[in-house]
Amino acid sequence: MNKTFIGFLFAIGWFLSIDVVAQKTTDSLAKQAYLADCIQYALGHQPVVRQSIIDQDIAERTVQSALAAWYPQISASYNLLHYLKLPVTLIPNATTGEKQPVSLGAANTSTASLSVTQSIFNRDVLLASRTADVYRTQATQTTVKNKIDVVVNVSKAFYDLILTQRQVDILSQDIARLQRSLQDATNQYQSGIVDKTDPQRAKIALNNSVAQRKQYRDLIGAKYQTLKQLMGYPPNSQLAVSYDTLQLANEVALDTMLLVNPQNRIEYQLLQTQGRLLDANVRYNRWSYLPSVSAFGNYNLLYQNSSFGQLYSLSFPNSLIGLTLALPIFQGGRRIHQTKIAELQVQRLNWDLVALTSAVDAEYATALANYKGNLANYLALVENQQLAEDVYRVINLQYRSGIKTYLDVTIAEADLRTARLNVFNALYQVLISKLDVQRALGAIQF
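Since this is a predicted model, take the numbers as computed values, not measurements.

Scoring rules and cut-offs
- Residues numbered from 1 in each chain as written.
- Predicted model: local features only at pLDDT ≥ 70, side-chain atom pairs only at ≥ 80, totals over all residues.
- Heavy atoms only, no water.
- Helix = DSSP H or I, 4+ residues; strand = E, 2+ residues; numbered from the N terminus.
- Rg over C-alpha atoms; globule rule 2.2 N^0.38 Å.
- Buried < 20%, exposed > 50% of the residue type's maximum accessible area, 1.4 Å probe, protein only.
- Contact = heavy atoms within 4.5 Å.
- Areas by Shrake-Rupley, 256 points an atom, 1.4 Å probe, with all protein chains shown as cover.
- Lys, Arg positive; Asp, Glu negative; His and termini not counted.
- Charge placed at Lys NZ, Arg CZ, Asp CG, Glu CD.
- Axes fitted to C-alpha atoms, helices over the stretch in contact; angles between N-to-C directions.
- Parallel < 35°, antiparallel > 145°, perpendicular 65-115°, else oblique.
- Left-handed = near helix turned anticlockwise from the far one by under 90°.
- Nonpolar A, V, L, I, M, F, W, Y, C, P; charged D, E, K, R; others polar.
- Domains from an automatic or database assignment.
- Buried area = accessible area lost by both parts, 1.4 Å probe.
- Salt bridge = Lys/Arg side-chain N within 4 Å of Asp/Glu carboxyl O.
- Phe/Tyr/Trp six-rings, centres within 6.5 Å; stacked < 30°, edge-to-face > 60°.
- Lys NZ or Arg CZ within 6 Å of the ring centre and 35° of its normal.

**Q** Can you walk me through the overall build of the protein chain in this structure?
**A** Scanning the protein chain for helices and strands turns up 9 helices and 6 strands. By the compact-globule yardstick of 22 Å for 446 residues, the protein chain is too spread out, its C-alpha radius of gyration being 39 Å. Burial status across the protein chain gives 38% buried among its 446 residues. If you take every contact in the protein chain between residues at least 6 apart in sequence, the share linking residues at least 24 apart comes to 82%. Summed over all atoms, the accessible surface of the protein chain reaches about 25,100 Å², with 56% contributed by carbon and sulfur. Here the protein chain carries 40 positive and 33 negative side-chain charges, and the mean point of each set is 5 Å from the other.

**Q** Sorry if this is basic, but what is going on with the packing of helix α4 (residues 123-190) against helix α5 (residues 197-231) here?
**A** In a pair of packed helices, the angle between the axes and the distance between the axes together describe the arrangement. With their axes 8 Å apart at the nearest point, α4 and α5 run at an angle of 160° to one another. Relative to α5, α4 is oriented roughly antiparallel. Note that α4 runs across α5; the crossing there is left-handed. Partitioning the contact of α4 with α5 into residue classes produces 24 nonpolar, 10 polar and 7 charged.

**Q** Would you mind going over the domain arrangement of the protein chain with me for this structure?
**A** By convention, interface size is frequently given as the accessible area that disappears when the constituent parts associate. Assigned domains within the protein chain: domain 1 (35-69 + 122-291 + 332-441) and domain 2 (75-120 + 293-326). For domain 1 versus domain 2, the distance between C-alpha centres works out to 73 Å. Listed by partner, the interface residues are 4 residues for domain 1 and 5 residues for domain 2. Across the interface of domain 1 and domain 2, roughly 310 Å² is buried in total on both sides, 49% from carbon and sulfur atoms. Looking at the side of domain 1 facing domain 2, the largest losses of area belong to Ala69, Asn122 and Pro291, adding up to 94% of the total buried there. Seen at the junction of domain 1 and domain 2, the total is 0 salt bridges.

**Q** How should the packing of aromatic side chains be read in this particular structure?
**A** Think of a pair of aromatic rings as described by two things: how far the centres are apart, and how the planes are tilted against each other in angle. Across all of its chains, the model carries 4 aromatic pairs by this definition. Arranged with centres 5.0 Å apart and planes meeting at 55°, the rings of tyrosine 41 and tyrosine 233 form a pair that is tilted. With a gap of 192 residues between them, tyrosine 41 in helix α2 (residues 35-45) and tyrosine 233 in the loop between α5 and α6 (245-250) connect regions that are remote in the sequence. For the pair tyrosine 41 and tyrosine 233, a shared accessibility class is recorded, and that class is buried. Directly above the ring of tyrosine 284 sits arginine 123, whose terminal nitrogen or CZ lies 4.1 Å from the centroid. Between arginine 177 and the ring centre of tyrosine 392, over which it is positioned, the NZ or CZ distance is 5.3 Å.

**Q** Help me understand the pattern of salt bridges in this model?
**A** Pairs can form between side chains of opposite charge once their charged atoms are near each other. The final tally for this structure, using the stated rule, is 16 salt bridges. Aspartate 174 is paired through a salt bridge with arginine 417; the nearest N and O atoms lie 3.0 Å apart. Note that aspartate 174 is positioned in helix α4 and arginine 417 in helix α9 (residues 406-441), a separation of 243 residues in sequence. Given a relative accessible area of 14%, arginine 417 falls into the buried group. Between aspartate 390 and arginine 393 there is a salt bridge, with its nearest N and O atoms 3.9 Å apart. Residue aspartate 390 and its partner arginine 393 are located together in helix α8 (residues 334-400), separated by 3 residues, close to a single helical turn. By relative accessible area, which is 40% here, aspartate 390 ends up partly exposed.

**Q** Sorry if this is basic, but what is going on with the environment of threonine 186 here?
**A** With respect to the secondary-structure elements, threonine 186 resides in helix α4. Classification of threonine 186 as partly exposed rests on a relative accessible area of 24%. Between the C-alpha atom of threonine 186 and that of threonine 410, which follows or precedes it by 224 residues, the distance is 14 Å.

**Q** Whenever I open this one, α2 confuses me. Can you help?
**A** Taken across its 11 residues, α2 has 8 buried, putting it largely inside the fold. Buried within α2 we find Leu35, Cys38, Ile39, Tyr41, Ala42, Leu43, Gly44 and His45.

Here is the structure:
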C-alpha cells in the first residue's frame, strides 16, 4: 500500500480528531490549496460534519438528562383557595346521636408544599445508566462515518477538478504547437512547396483544439463549485487548487494482497453499537416485572382563616416521609410481546451484519478489480504517450525535410494529444478506484 498517501490521510484524521471544534479555522484558504488543505477545511466546515458534532453534543445532553433521574427530584407548589360555599359533613349529635350536617373548614385556604423524591430502583433509569456510553459511542461513530464520506468525496472532486485543469493545459500546449504548424504550413504554401490542403488541415486541427479547450474551461467553473459545496466553502469566495503531477503519479501504488476485514468498516462498527443498544432493550423489557421503588418526603405549610386579610397570620404545618413500591402484576401479555419484539430486532440486526459482510466483500472485490484494470490501462497509456511523443518528433522532422506529408503530421499530432489526455484520464480513474479500495478496506479512519 502507498504508505505516503495512507499516512497522509491518517495524519489528517489524527490531527483533526483531537478537537475539530476547537481549531482556529479561517473562512478561506490560501491562494494555492492542495488536497490536504481542502480536506482539512472540509472537516472543519462541511455542514454534515458540523451537524454530526452537534449531534454528539445532543447525545451527551440526552444521556445526562436521562441520568438525572437518579438524583433527588425536588419540587415546590403553592395554591390559594376561597370557598364560595364550605363543604358539609354529616356529624353525629353528641346528645341524640343523630347525624347533622355541619360546615367544616375555613373559607380561605392556602398551602405551600416542598417535596423530595428519590428513585431507588427504576428500570428506565437503570437502562439509561447502562447504555450511556453506548449512546456516546454511537454519536462518535456517526461523526467518523461522515468524516470518511467527506474525505472520499472531497478527494474525488479535487481529482476531477485538477484533471480538467490539466486537460486545459494540455490543449493549450497543443494549440501553441498547432499554431506553429499552421504558420509553417502557410509559409510553405505561399512559397509553392505544398498545396493549400496543408494549411487547411492545420486550421481544422487548430479549431478543434480551441473548441475542446473552451469546453473544458467552462467545466472548470462548475467543478470548482462542486468542490466548494463538498467542502462547505463559501460559494462566492475565491478558491485556487494546486497539485504536483509527479506526486499524483507516485500515489497510484497500492498493496493488492491485503485481505478485507468487515470489522474495520465504520458501518460494521455502527451496527455492532446498535446491537449493544438492542441487547440492552431486550433486558429492559425483561425487567418489566420488577417493581419500581422510590422514597419521598413532603413538608406542607397550611394556612386557614375565615377572614382573607388574616389568612397568613396562622399556619398549620405538617410533614411526612414514605416509601413507594409499584409492582406490575398483570399486563395482558404486553411484557411477553415486547420482549419478543426486542429479541426479533436483535435477530434482524444479526442478518444486517451478515448482509454487510457480504456487501463489503463484494465491494472490495469490485473496487480491487477496477483498480487493477485502471492501473494496467494507465501504465499502458503512459507508454503510449512516450511512443506518441517519439513518433510526432520523428514525423515532424521528416515533414520539415520533405519526406512526410502534412497529413502524417496531423495524424501524429492528434495521436499525441489523445495520448496525453488519455494518460490523465487514466490517472484520475486509478486514483478514484484506489480511494474505493481503501474505503472498502476500512483504511480511511479517524
